[in-house]
Amino acid sequence: FSSDFGVLSEKEIQFRLSQLNDWILNEKSNLESPIFLEKILRSALSEFKEVVKFLSDLDKNPNIPFIVVRPHPAEDHQEWINALKGFNKTKLIFEGDITPWLIASKALLHRGCTTALQAILMGKNVGSINTVKNLDGSISKNLSIKINTSKDVLSLLKSKKRSVIKSDLIFN
């Protein structure tokens, strides 16, 4: 799973909002309020919690193989470490470039990240975990198989059909 939430805790939301407030004050910006950004950040945190629940279900399923969670460089990795405590087949690994991990993988799960495009170009099956409101319309989601259940993940792993880049999705 390639992560791209950006914020994984209330503490991170508050920090980013304080940064925005400082910027607004220092730059004398005409932005009226950081309310819009706060909604986006809270939505990302909610989606993070949903994906952790989904990964927990996958972790308990004996038919699902080992899952590597690759956090986004901007995310607080400690939050991922805390979230994955007690998981047996799901591990957080953030070492080096993601390319070797993709090569060794059977498939990639994501929620709208650009790593999905890299995996598609490598001929991997790519699945987009569908949470509440995660980036509908992004190119990487449009090119991916939609994942809602552990059965969908098993189908993705067994599928001979690979995700392909369709030019009408990119250039339309």
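For the structure, check the block above.
Below you will find a few notes about this structure. Counting of residues starts from 1 at the beginning of each chain's written sequence and follows it residue by residue. Local features in this predicted model are restricted to residues of pLDDT 70 or higher, and side-chain atom pairs are both shown and tallied only at a pLDDT of 80 or more, whereas totals for entire chains, interfaces and linings draw on every residue. Hydrogens and waters are ignored; side-chain quantities use all the structure's heavy atoms.

## Here's the deal with the nonpolar core
Then step 1. Residue types Ala, Val, Leu, Ile, Met, Phe, Trp, Tyr and Cys, when buried and joined through side-chain atoms within 4.5 Å, form a set referred to as a nonpolar core. For every residue, the accessible area (1.4 Å probe, protein chains only) is compared with the maximum for its type, and the residue is labelled buried under 20%, exposed over 50%, or partly exposed between those bounds. Grouped together as the largest cluster of nonpolar side chains are 29 residues, with contacts concentrated most on F1, F48, L55, L58, W80 and L109.
Then step 2. Secondary structure elements are taken from DSSP: a helix is a run of H or I of four residues or more, a strand is a run of E of two residues or more, and numbering for both begins at the N terminus. Going through the elements one at a time, helix 1 (10-27), helix 2 (35-60), strand 1 (67-69), helix 3 (77-83), strand 3 (107-110) and helix 7 (150-158) are the ones with two or more residues in this core.
Then step 3. It is helix 2 that provides the largest number of residues to this core, a total of 9 residues.
Then step 4. Grouped together as the second largest cluster of nonpolar side chains are 8 residues, L108, I120, V126 and L143 included.

## Some thoughts on the sheet that holds strand 5 (residues 145-147)
Then step 1. In this scheme, strands are said to pair when DSSP sees at least two bridges between them. Read from one edge of the open sheet, 3 strands run 3-4-5, paired in parallel fashion. Each having just a single partner strand, strand 3 and strand 5 make up the two edges of the open sheet. In this sheet, adjacent strand axes meet at a mean angle of 30 degrees when their direction is disregarded.
Then step 2. Relative to strand 5, strand 4 (residues 125-129) is paired through 3 bridges, and the arrangement is parallel. Residue S128 lies in a different strand from strand 5, and its bridge partner there is K146. Axis definition: a line fitted to C-alpha atoms, limited for helices to the stretch in contact. Angles are taken between N-to-C directions and run from 0 to 180 degrees.

## Digging into the pairing of strand 3
Then step 1. Burial of the side chains of strand 3 extends over both faces: A107 and L109 are buried on one face and L108 and H110 on the other.
Then step 2. One ladder, built from 4 bridges, connects strand 3 with strand 4; its direction is parallel. Bridge assignment links A107 to a residue of strand 4, and that residue is N125.

## Re the side chain of S144
Then step 1. Tracing the sequence through the fold places S144 in the loop between helix 6 (139-142) and strand 5.
Then step 2. N or O atoms closer than or at 3.5 Å make up a polar contact, with two conditions inside protein: a donor-capable atom paired with an acceptor-capable one, and, for residues adjacent in sequence, both atoms drawn from side chains. One polar contact links the side chain of S144 to the main-chain carbonyl oxygen of S140, over a distance of 2.5 Å.
Then step 3. We call two residues in contact when some of their heavy atoms are within 4.5 Å. Contact partners of S144, with chain neighbours within four places excluded, come to H110, A116, V126, G127 and S128.

## So, the packing of aromatic side chains
Then step 1. By convention, a stacked pair of Phe, Tyr or Trp rings (six-membered ring in the case of Trp) has centres within 6.5 Å and planes under 30 degrees apart, an edge-to-face pair has planes over 60 apart, and any other such pair is tilted. This model, assessed by the stated rule, comprises 5 aromatic pairs.
Then step 2. Relative to F48, the ring of F5 has its centre 5.5 Å away and its plane inclined at 75 degrees; by these criteria the two rings are edge-to-face. Of this pair, F5 sits in the segment before helix 1 while F48 is found in helix 2, placing the two residues 43 residues apart along the sequence. F48 matches F5 in its accessibility class, with the two residues each being buried.

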